[in-house]
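One-letter residues, chain by chain:
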Amino acid sequence: MFTPTQAEPVISLRNLRVCYGEREILHGISFDVLPGETLVILGGSGSGKSTLLRTLVGLEKPSAGEIVIKGQDLAKASAAELDEIRRKIGMSFQGGALFGSMTVGENVALPLREHTRLEESTIEIILRLKLEQVGLEGFEYYSPSQLSGGMKKRAAVARALAMDPEILFFDEPSAGLDPIIAAGIDELIVQLKRAFRMTIIVVTHELASAFLIADRMLLIDKGNLVALGTPEEMRSSTQPRVRQFLDRVAEPEISGEMDYLQMLTAERPNAQRTTGKRGQ
Amino acid sequence: MEIVAQLGSSTLTGLSYIGSLASLGARAAYDTLVAPFQRKPLRLQRAVSQAMEVGVRCLPILSLITFFIGLILALQAAYELRKFGAISAVATAVAVTMSRELGPLITAVVVIGRSGSAFAAEIGTMKVSEEIDALETMAISPIRFLVAPKFLAMMVMLPCLTIWANAMGIFGGALFGITQADFTFTRYIRASIDSLLLHDITTGLVKSVMFGITITAVGCLEGLSTGAGAEQVGRSTTRAVVMSIFLVVVVDLFFTALFFFAGNQ
């Protein structure tokens, strides 16, 4: 079992803010990810958890704050430095994001062919090894469209593993899968964690899978970090938002007559402004 | 006042669009011309397969279209020339019009329909299914991996296709010349070649290279700026075709004017 040590954090976020245009999605998030731990980022739809993950892998630029990955600040990194960091990470996308024009084998071999000068025969050995690790041995000549949803995710994991990353990111690993296949993916994540002592970061809203794989978990709600702790700490948490999420309680409906009335009559501030202008 | 403001803002949008096209083109040019010397090998194999798709597979339909265009040109020219008893000048009219203007332009339009739209659809689909994001997280530049080979393929293939289109147009004219204007095939071809200056062909080819750059830049930019959702791919594809045709005509006008005034001095 994982035990927190005094080791340097692999990833360290300080007051991270991210905006899409004028709308701020993440309102200042700080936490550390320790080497070898599996951190699960929980959150509802629209909570900002996907944005957080995209920012962690450098697909979104933070508008303020810092993300330090292996001693390198992502927010200030140049394109070349960013690429250097990205070679140390692997990302498994929600839909797999396999390249449809290539076979599964070519997909897995792509980062090796692009970034290394390995012999073609070595690359083939590595790619079979990676496919075997995710339970897809013998599928290298299939095209992604011939694979089922669960197999696509496994192939995506194999591709993320190709460069032997130090940090592995998963976006919604069990989304859109039936419970048995989803459990298989969870099992795969646990195996990777045991076998390679990799730092793994998983974004999900599946509670069962989160509690199965997490060493620590954090809950994001409306762009704020609400809670961070071990699965046991989360289970025994009394914080209302955590309880609501874990106990699967729906958002409370609008109560009180005045609130209801206001909801019906309220105009958005900018809508008011336009009507005002027209009136003049 | 509102009209002026709108005019201003659409001018700005237009300029920033041209700016994005230029920056995409410049990055692709860097990856094609400079990066290979910095131990970042160019994916020549991808460029060759693109060239196959853009160029070779385009030949049948392009041949047919430009053959007909040549024939139409001959018919239209003969309508006027007949009045002056100069029907034998048909060969000149077709050859010059094809190689100076219609060869490059028709080729560009056919390539927009086949490849410009395909670029936008391919890259747009990859954008929607997070494949572009996947490339970036693997530290593979989508520009180097996807866009640069397309630029290279287009810049090589479009002039080649244009030469082919010119020839097919002349053959189309020859069909009229032989059946209606007492030419033999060899005499018609000879008359065409005699009427052409090297200048006529090179200006057409310069234009076709510029068309190739324009079509690729628009197609790839529209693909890369596809929003979320499958219906956005359709929008990008449509926009790519419409914008490409418009910009190709603008580029055509610019270079034709340039050659006209430069040639006068």
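Shown above is the structure to which this text applies.
Residues numbered from 1 in each chain as written. Chains lettered and ligands numbered in written order. Predicted model: local features only at pLDDT ≥ 70, side-chain atom pairs only at ≥ 80, totals over all residues. Heavy atoms only, no water.

How do you make sense of the overall build of chain A when you look at a structure like this?
The helix and strand tally for chain A stands at 11 helices and 10 strands. Judged by the C-alpha coordinates and their principal axes, chain A covers about 75 × 50 × 40 Å. Within chain A, buried positions represent 46% of all 280 residues. In chain A, of all internal contacts separated by at least 6 residues, the share reaching a separation of at least 24 is 63%. (Helix = DSSP H or I, 4+ residues; strand = E, 2+ residues; numbered from the N terminus. Buried < 20%, exposed > 50% of the residue type's maximum accessible area, 1.4 Å probe, protein only. Contact = heavy atoms within 4.5 Å.)

Explain helix α1 (residues 2-34) of chain B here, please?
Because an α-helix completes one turn every 3.6 residues, residues spaced three or four positions apart along the sequence face the same direction. Given a rise of 1.5 Å per residue, 33 residues ought to cover 48 Å, and the 46 Å separating the end C-alpha atoms of α1(B) matches this to within 8%. Y17(B), L21(B), L24(B), G25(B), A28(B), D31(B) and T32(B) are the residues of α1(B) that are buried. (Expected span 1.5 Å × (residues − 1).)

Mind showing me how you'd approach the packing of aromatic side chains here?
Within a pair of aromatic rings, the relevant descriptors are the distance that separates the centres and the angle that separates the planes. Tallied over the entire structure, the rule returns seven aromatic pairs over all chains. Arranged with centres 6.3 Å apart and planes meeting at 65 degrees, the rings of F67(B) and F68(B) form a pair that is edge-to-face. Members of the aromatic cluster, each reached through a chain of ring pairs, are F254(B), F255(B) and F259(B). Taking the ring centre of F99(A) as reference, the NZ or CZ of R159(A) above it sits at 4.8 Å. (Phe/Tyr/Trp six-rings, centres within 6.5 Å; stacked < 30°, edge-to-face > 60°. Lys NZ or Arg CZ within 6 Å of the ring centre and 35° of its normal.)

I keep staring at the sheet that holds strand β2 (residues 23-33) of chain A and nothing clicks. Help me out?
To summarise the sheet geometry, strands pair through backbone hydrogen bonds and adopt either a parallel or an antiparallel arrangement. Residue and element names in this part refer to chain A. The sheet built from four strands is open, its strands ordered β2-β1-β4-β5 with antiparallel pairing. In this open sheet, the two edge strands, each paired with only one partner strand, are β2 and β5 (72-73). One ladder, built from five bridges, connects strand β1 (residues 11-20) with strand β4 (residues 64-69); its direction is antiparallel. Bridge pairing in β4 places S12 opposite V68. On top of the sheet, helix α1 (residues 49-56) reaches β1, β2 and β4; it is set at about 115 degrees to β1, its chief contact. (Pairing = 2+ DSSP bridges. Axes fitted to C-alpha atoms, helices over the stretch in contact; angles between N-to-C directions.)

Help me understand unusual backbone geometry, please; the structure alone is not making it clear to me.
Excluding glycine, residues mostly carry a negative phi; peptide bonds, for their part, are mostly trans. The residue R197(A) is not glycine, and still its phi comes out positive at about 50 degrees. With respect to the secondary-structure elements, R197(A) resides in the loop between α6 (179-196) and β8 (199-204). A relative accessible area of 69% means that R197(A) is categorised as exposed. Phi at A139(B) is positive, roughly 60 degrees, even though this residue is not glycine. Locating A139(B) in the fold gives a position in the loop between α5 (131-137) and α6 (142-180). By relative accessible area, A139(B) is classed as buried at 7%.

In this structure, what is going on with the interface of chain A and chain B? I would like to understand it.
A common way to report how large an interface is uses the accessible area buried once the components associate. Facing 24 residues of chain A, the contacting portion of chain B comprises 17 residues. Summing both sides of the interface, chain A and chain B together bury roughly 1,600 Å²; the carbon and sulfur share of this comes to 56%. Remark: the boundary between chain A and chain B carries three salt bridges. For the interface between chain A and chain B, the tally reads five residue pairs in polar contact (both at pLDDT 80 or more). The set of elements that each furnish at least two residues to the side of chain A that touches chain B consists of α2 (79-86), β6 (89-92) and α3 (104-115) of chain A. At five residues, α3(A) tops the list of elements feeding residues into the side of chain A that touches chain B. In terms of residue class, the side of chain A that touches chain B is built from 11 nonpolar, four polar and nine charged. (Buried area = accessible area lost by both parts, 1.4 Å probe. Salt bridge = Lys/Arg side-chain N within 4 Å of Asp/Glu carboxyl O. Polar contact = N/O pair within 3.5 Å; in protein donor to acceptor, adjacent residues only side chain to side chain. Nonpolar A, V, L, I, M, F, W, Y, C, P; charged D, E, K, R; others polar.)

Without other data, these values stay purely geometric and don't point to any function.
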